[in-house]
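Listed below, chain by chain, are the residues.
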Amino acid sequence: MSEEIWDPGLQSERTRLAWVRTAVALSSGGLGAMGLSARHGLPLAVVVTFVPAALCGAVLLLRTRIRFRRVQEALHGGRPVDAGLDALFAWLGTLSVAAGALAFVLALA
C-alpha cells in the first residue's frame, strides 16, 4: 500500500475552511453575545467580556490568506505546520466566550 497523499492540495483548503469557521464563530458569537447582554440590560462589564472574542475572530479571519499560504508551503514542502499565533488568538477568543458566559449567568442570577 502506498503512503502517498491521495488528494494533493486539498489539506490546506480544509484547514483554511476550519480556521474560517472558527473565526466566524468567534466573531459572530462575540457580537451576538454582546448584543444579547446589552438587550437584557446587563452591566457594561458583562457586555465588554465578549469584545475579545469578536476581535480575536476578526483577526483570525483577516489572517486567513497568510495562514493559507503558510500551510500550503509547509504541506508541499514536507514541513510541519505551525499555527502558534493563530492558535493563541483562538484560545483567547474561546476563553473570552467562557468568561463572558459565566459573567452573563452570574449577572442574571
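Throughout what follows, the structure given in this document is the object of discussion. None of the values given here were measured: they were computed from a predicted structure.

Cut-offs and rules
- Residues numbered from 1 in each chain as written.
- Predicted model: local features only at pLDDT ≥ 70, side-chain atom pairs only at ≥ 80, totals over all residues.
- Heavy atoms only, no water.
- Core = buried A, V, L, I, M, F, W, Y, C linked by side-chain atoms within 4.5 Å.
- Buried < 20%, exposed > 50% of the residue type's maximum accessible area, 1.4 Å probe, protein only.
- Helix = DSSP H or I, 4+ residues; strand = E, 2+ residues; numbered from the N terminus.
- Contact = heavy atoms within 4.5 Å.
- Axes fitted to C-alpha atoms, helices over the stretch in contact; angles between N-to-C directions.
- Parallel < 35°, antiparallel > 145°, perpendicular 65-115°, else oblique.
- Left-handed = near helix turned anticlockwise from the far one by under 90°.
- Nonpolar A, V, L, I, M, F, W, Y, C, P; charged D, E, K, R; others polar.

Let us now look at the nonpolar core. Grouped burial of nonpolar side chains is what soluble globular proteins tend to show. Membership of the largest hydrophobic core is limited to 5 residues, which are Trp19, Ala23, Leu26, Leu60 and Ala90. By residue number, the principal contributor to this core is helix α1 (residues 10-39), which donates 3 residues. Residue contacts for alanine 90: discarding those within four places in its chain leaves Trp19, Thr22, Leu26 and Leu60.

All right, on to the packing of α1 against helix α5 (residues 84-108) then. Their axes nearest at 11 Å, the elements α1 and α5 cross at an angle of 25°. As far as their axial angle goes, α5 and α1 are roughly parallel. Here α1 runs over α5; the crossing is left-handed. For the pair α1 and α5, the contacting residues are Trp19, Thr22, Leu26, Leu36 and Ser37 in the first and Asp86, Ala87, Phe89, Ala90, Gly93, Thr94, Val97 and Phe104 in the second. Classifying every residue of the contact of α1 with α5 by side-chain character gives 8 nonpolar, 4 polar and 1 charged.

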